[in-house]
Amino acid sequence: MQFSFEFVLETLPALIAAAGVTIRVAAITIALSLFFGTVLTIVRALKIRPVNVAISIYISFIRGTPLLVQIFLAYYALPALGIRLGPVTAGVLAITANNAAFMTEIFRGALASIPPGQIEAAASLGLKPRAIWLKVVLPQLYMRSLPAIVNECTIVIKGTALLAVITVVEVFRTAQQIGSSSFRPFETFVAAGIVFLGLCLIISQFGLWLERRFALRRGT
Amino acid sequence: MIDPQVIIDHWPYFAAGIWMTIQVSLAAIVLGFMIAFAVALLRTSRFRLLRGVASAYVEMLRNVPFIILLFIFFYGLPFSGIRLPEQVAGTIALSFFASAYYAEIIRGAMASVPRGQVEAARAMGFTYGQILRDIIVPQMWKFALPPMAGITTMTVKESSILSTITVAELTYQGIIVQGMTFAPFEVFFAIAALYWIFTAVLVRLFRIAECRVGSAELAAAARSPVASKYLTLEARP
């Protein structure tokens, strides 16, 4: 059999349509993991010992185990505890749990780069802890970790491909279906690769644009 | 209820699985690093075309999910008339994937070796090969090892995806045992724990190696007590 470039072009529209699911799942996941990453960072800064130990164990577990196994845990193991989730919900839960841990680690790095003098100035001006977080620390935290956050977005996009394994019909699952019905799996997977390549390149270009846009505020 | 007996009864499956995971991922790490070294050299080449090819290679592998690369590779091989057993095809695909990440690290580490040394060597008549072997490679490790730890554990974790092309590694064995016992909670937690231990051991080995080559320790900046309330996260003892 000859590699058919026309077939790659033919399947692209169907896969781009399926990218809607990928993008939606990724967008929800990124929003949730930014939120939980921020919450975990603030909770960690309260320095309550048992809580911080629990958070470090959680981060270590997430970083030390494959995303695929985490997805299996959410989809197959949670029902054993009486929590039954649909494939999309279980997938969003697994990737969010995964990504929030990495976001927290990114924020830890960004936090260390904020000049301590600013906090002292804010505290001596009488700002309350809430105001210090919201007006001084967090805006700079997001600005400083912008490139890393954008990188995480592409990681989430790529991670959603694994949801095909738990029957979420996104780009990769659609490619598998087209591949097996047309007997041209190679071309279809190449087309799926092109779709992901496009999505990730758009995100990273958008990230570069954001960095330029906020160059002044980022102080670079 | 949680029943650890399931794990104890099926330990040969888990043992075979972790052994296959170790073999596949170590082979991919070594092979991937060798490919990465060549790619890193191409990326610093004098010729624009070679630099372009190398960076296209890296961008392509970094922006496509590994599961898709694996399937492209697995289904593409028969086109070129090559038949390989799954674990060999899977290991090669994983090597290519890892090489794209290692290449960036090696390139950065090579560029971190002080420029003056390379210029001095060139002035003394060293050839390109000699500069590489005697000046750059011996010194690049202290820059390369810390980021390599992360990519190496990533490679081990991505090896779980080889289960989708029926390579009998840890995740695949887990799916088999889960099919026999219908105890997903115990089985997948046992697997997660085994991966956790494996990656923790790898990270520890990297820390030891980093001490040997003297990776620069980032000195924690002395902070004021007021600022440390917000800017540090570790609980005080």
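Parameters and conventions
- Residues numbered from 1 in each chain as written.
- Chains lettered and ligands numbered in written order.
- Predicted model: local features only at pLDDT ≥ 70, side-chain atom pairs only at ≥ 80, totals over all residues.
- Heavy atoms only, no water.
- UniProt positions renumbered as here; feature names shortened; annotations may be inferred.
- Helix = DSSP H or I, 4+ residues; strand = E, 2+ residues; numbered from the N terminus.
- Buried < 20%, exposed > 50% of the residue type's maximum accessible area, 1.4 Å probe, protein only.
- Contact = heavy atoms within 4.5 Å.
- Salt bridge = Lys/Arg side-chain N within 4 Å of Asp/Glu carboxyl O.
- Lys, Arg positive; Asp, Glu negative; His and termini not counted.
- Buried area = accessible area lost by both parts, 1.4 Å probe.
- Polar contact = N/O pair within 3.5 Å; in protein donor to acceptor, adjacent residues only side chain to side chain.
- Nonpolar A, V, L, I, M, F, W, Y, C, P; charged D, E, K, R; others polar.

With an unreviewed UniProt entry as reference, chain B is termed ABC transmembrane type-1 domain-containing protein, source organism Agaricicola taiwanensis. In UniProt, chain B has this text filed under Sequence similarities (unreviewed entry): "Belongs to the binding-protein-dependent transport system permease family. HisMQ subfamily." Its UniProt record gives chain B a comment under Function (unreviewed entry), which states: "Part of the binding-protein-dependent transport system for glutamine; probably responsible for the translocation of the substrate across the membrane."

Per an unreviewed UniProt entry, chain A carries the name Amino acid ABC transporter and comes from Agaricicola taiwanensis. Its UniProt record gives chain A the following Sequence similarities (unreviewed entry) comment, quoted word for word: "Belongs to the binding-protein-dependent transport system permease family. HisMQ subfamily."

Peer 1: Explain the overall build of chain B here, please?
Peer 2: Each helix and strand in chain B was counted, giving 10 helices and zero strands. Along the chain direction, N to C, the helices and strands of chain B fall in the order α-α-α-α-α-α-α-α-α-α. With the C-alpha coordinates of chain B rotated into their principal frame, the extents come out at 70 × 65 × 30 Å. Put simply, chain B has 237 residues, and 44% of those count as buried. Partitioning the contacts of chain B with sequence separation of at least 6, the portion at a separation of at least 24 is 75%.

Peer 1: Teacher, can you tell me more about the UniProt feature "transmembrane region" (unreviewed entry) in chain A here?
Peer 2: Residues and elements named next belong to chain A. Mapped onto this numbering, the UniProt entry gives "transmembrane region" (unreviewed entry) at residues 12–43, 55–77, 83–102, 149–169 and 189–210. Helix and strand shares over residues 12–43 are 100% and 0% respectively, and the end C-alpha atoms of the span are 45 Å apart. The span residues 149–169 shows a helical share of 52% and a strand share of 0%, and its end C-alpha atoms are spaced 26 Å apart.

Peer 1: Help me understand the pattern of salt bridges in this model?
Peer 2: Pairing is possible between side chains that carry opposite charge, provided their charged atoms lie close to one another. The final tally for this structure, using the stated rule, is nine salt bridges over all chains. For Glu187 of chain A, the salt bridge is made with Arg184 of chain A, and the minimal N-O distance between the two is 2.7 Å. Residue Glu187 of chain A is classed as buried on the basis of its relative accessible area of 0%. The residue Arg133 of chain B makes a salt bridge to Asp134 of chain B at a minimum N-O spacing of 3.3 Å. A relative accessible area of 58% means that Arg133 of chain B is categorised as exposed.

Peer 1: Would you mind going over the side chain of Glu170 of chain A with me for this structure?
Peer 2: Residues and elements named next belong to chain A. Secondary-structure assignment places Glu170 in the loop between helix H7 (146–159) and helix H8 (171–182). Arg173 provides the closest opposite charge to the buried, salt-bridge-free Glu170, at an N-O distance of 6.8 Å. Among residues more than four places away in sequence, those in contact with Glu170 are Ala18, Val21, Thr22, Thr160, Ala161, Ala164 and Phe196.

Peer 1: How should the interface of chain A and chain B be read in this particular structure?
Peer 2: It is common to give the size of an interface as the accessible area that goes away when the parts come together. Between chain A and chain B, the residue contacts involve 57 residues of the former and 44 residues of the latter. Between chain A and chain B lies a buried interface of about 4400 Å² when both sides are counted; carbon and sulfur atoms form 75% of it. Contact with chain B buries surface across chain A, with Lys47, Lys158 and Phe186 of chain A losing the most and accounting together for 14% of the total. The tally of links between chain A and chain B comes to zero salt bridges. The tally of links between chain A and chain B comes to five residue pairs in polar contact (both at pLDDT 80 or more). When contributions to the side of chain A that touches chain B are tallied by element, the ones reaching two or more residues are helix H1 (5–45), helix H2 (49–64), helix H3 (67–77), helix H4 (87–111), helix H5 (116–124), helix H6 (129–144), H8 and helix H9 (185–213) of chain A. The leading source of residues in the side of chain A that touches chain B is H9 of chain A, at 11 residues. For the side of chain A that touches chain B, a count of residues per class yields 40 nonpolar, nine polar and eight charged.

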